[in-house]
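Structural description and commentary
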Amino acid sequence: MTIATRELERVVREIADEMSARPDRGEVAGYIPELARVDRNAFGLVVVDDAGNVAAAGDCDVPFSIQSISKVFTLTLALGKAGDRLWQRVGREPSGSPFNSIVQLEYERGRPRNPFINAGAIAVTDLILSGHQPRELLGEIVRFMQFLSDDDSIGIDEAVAASEQRSGFRNAALANYMKSFGMLENPIDYTLGVYFHHCAIAMSCRQLAMAGRFLAHLGRHPTTGLSVVQPERARRINAVMLMCGHYDGSGEFAYRVGLPAKSGVGGGILAIAPGKASIAVWSPGLDANGNSYLGRVALEALTKRMGWSVFGA
Ligand code: GLN
């Protein structure tokens with residue numbers, strides 16, 4: 001083991017210890033009943049570096065609901081299917097609004113600001129659904145996650161999917177509104193069904209950090225050497241993550257952490273240090289914007305100690 005690897009392991013363990021001692025942890029997502037039951041004290045952190053070394057601490061092997069982090073992977077699939085045509089359906093500007101907001105949709109005629117707010121992710125799901133049955137597409141998404149993570153055990157938490165399906169009134173409103181502008185091709189129930197299920201994929205920090213490696217390494221899957229996306233596309237997905245990955249908390253996240261990243265209301269964050277590392281953190285308590293509260297604090301400490309911010313030390 002190199003000195004640098006030992007140093008990284010020390011930093012990761014140190015941060016996990018610091019986080020477990022913090023009383024301020026945010027609030028778990030209450031609007032999806034199944035997520036409201038998750039232990040607020042859980043904390044996991046995993047870093048996979050450019051040499052494939054894994055530094056892990058805390059609840060790093062406990063699966064959690066990846067929720068909106070799945071949107072990075074459906075965006076990747078959508079760009080593979082439609083290329084730049086995708087941007088006719090969805091923009092790539094920060095929204096400055098909450099993740100489930102409907103306000104911009106009216107004056108922007110059903111074209112969501114970006115692929116990471118709920119409306120945008122539903123539009124992306126609709127695009128990749130065309131030409132497939134919902135079940136077939138979900139199989140494809142899960143297999144994609146399994147391939148990227150080198151782990152066939154990844155699956156969907158059906159209880160979370162059913163819980164969101166029962167309580168997803170806002171998402172139904174967003175989908176209906178977009179449909180009224182002719183922006184969705186498939187039956188709303190099908191598109192939403194796939195959306196709720198891909199949000200309900202359960203992964204551990206270890207699996208998630210492995211899945212993010214291609215974004216840290218110019219689009220390559222390090223285990224097989226296969227190109228998941230071209231380098232230019234990896235760079236662009238990272239750009240959208242940096243600008244839009246934390247909704248109306250994206251500016252604050254860039255200011256404090258300085259990495260492309262995507263959060264989910266399950267309390268996970270996937271962050272990419274280009275050329276250096278793929279990082280996953282999980283702490284279920286959220287801040288007012290619906291982003292993991294301690295997840296951000298932990299990433300701020302990590303980038304500072306490792307000098308990994310894309311904006312310099
Ligand atoms: N499935 C969640 C929703 O649609 C995803 C939101 C999130 O993780 N920010 O509300």
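Reference entry: report on the structure contained in this document. (Residues numbered from 1 in each chain as written. Predicted model: local features only at pLDDT ≥ 70, side-chain atom pairs only at ≥ 80, totals over all residues. Heavy atoms only, no water.)

Time to look at the sheet that holds strand 8 (residues 277-282). An order of 2-1-8-7-6 is seen for the 5 strands of this open sheet, with the pairing classed as antiparallel. Both edges of this open sheet fall to strand 2 (54-58) and strand 6 (261-263), since each of them pairs with a single strand only. When the angles between neighbouring strand axes are averaged without regard to direction, this sheet yields 5°. Looking at chain direction, strand 7 (residues 268-273) and strand 8 are connected through 6 bridges and run antiparallel. Across the sheet, the residue bridging to A273 is A277, located in strand 8. (Pairing = 2+ DSSP bridges. Helix = DSSP H or I, 4+ residues; strand = E, 2+ residues; numbered from the N terminus. Axes fitted to C-alpha atoms, helices over the stretch in contact; angles between N-to-C directions.)

Attention now moves to the packing of aromatic side chains. In the structure shown here, the tally under the stated rule is 6 aromatic pairs. Summarising the aromatic geometry, the rings of F64 and W282 are spaced 5.0 Å apart at their centres and angled 10° between planes, so their arrangement reads as stacked. In this pair, F64 sits in strand 3 (residues 64-65) while W282 sits in strand 8, placing the two residues 218 residues apart along the sequence. For F64, a relative accessible area of 5% puts it in the buried group. Clustering of aromatic rings is evident, with ring pairs tying together Y31, F99 and Y247. (Phe/Tyr/Trp six-rings, centres within 6.5 Å; stacked < 30°, edge-to-face > 60°. Buried < 20%, exposed > 50% of the residue type's maximum accessible area, 1.4 Å probe, protein only.)

Let us look at helix 14 (residues 293-306). Compared with an ideal rise of 1.5 Å per residue, which puts 14 residues at 20 Å, helix 14 spans 20 Å between its outermost C-alpha atoms and is within 8% of the ideal. On the buried face of helix 14, the contacting elements are helix 1 (3-20), strand 1 (44-49), helix 13 (250-256), strand 7 and strand 8. N-capping of helix 14 is provided by S292, with a side-chain oxygen placed 3.0 Å from the backbone N of G295. Positive backbone phi, at 65°, marks G307, one or two positions downstream of helix 14. (Expected span 1.5 Å × (residues − 1). Contact = heavy atoms within 4.5 Å. Polar contact = N/O pair within 3.5 Å; in protein donor to acceptor, adjacent residues only side chain to side chain.)

By secondary structure assignment, the location of I102 is in the loop between helix 3 (86-89) and helix 4 (103-107). Since its relative accessible area comes to 36%, I102 is described here as partly exposed. What I102 contacts, discounting residues up to four positions off in sequence, is A173, L174 and Y177.

What follows is about the pairing of strand 1. Here strand 1 lies mainly inside the structure; 6 of its 6 residues are buried. Of the two faces of strand 1, the one holding G44, V46 and V48 and the one holding L45, V47 and D49 are both buried throughout. Relative to strand 2, strand 1 runs antiparallel, the two being bridged by 5 bridges. Note that in strand 2 the partner of L45 across the bridge is A57. Between strand 1 and the antiparallel strand that follows it, strand 2, lie 4 residues; G52 among them carries a positive phi value of about 90°.

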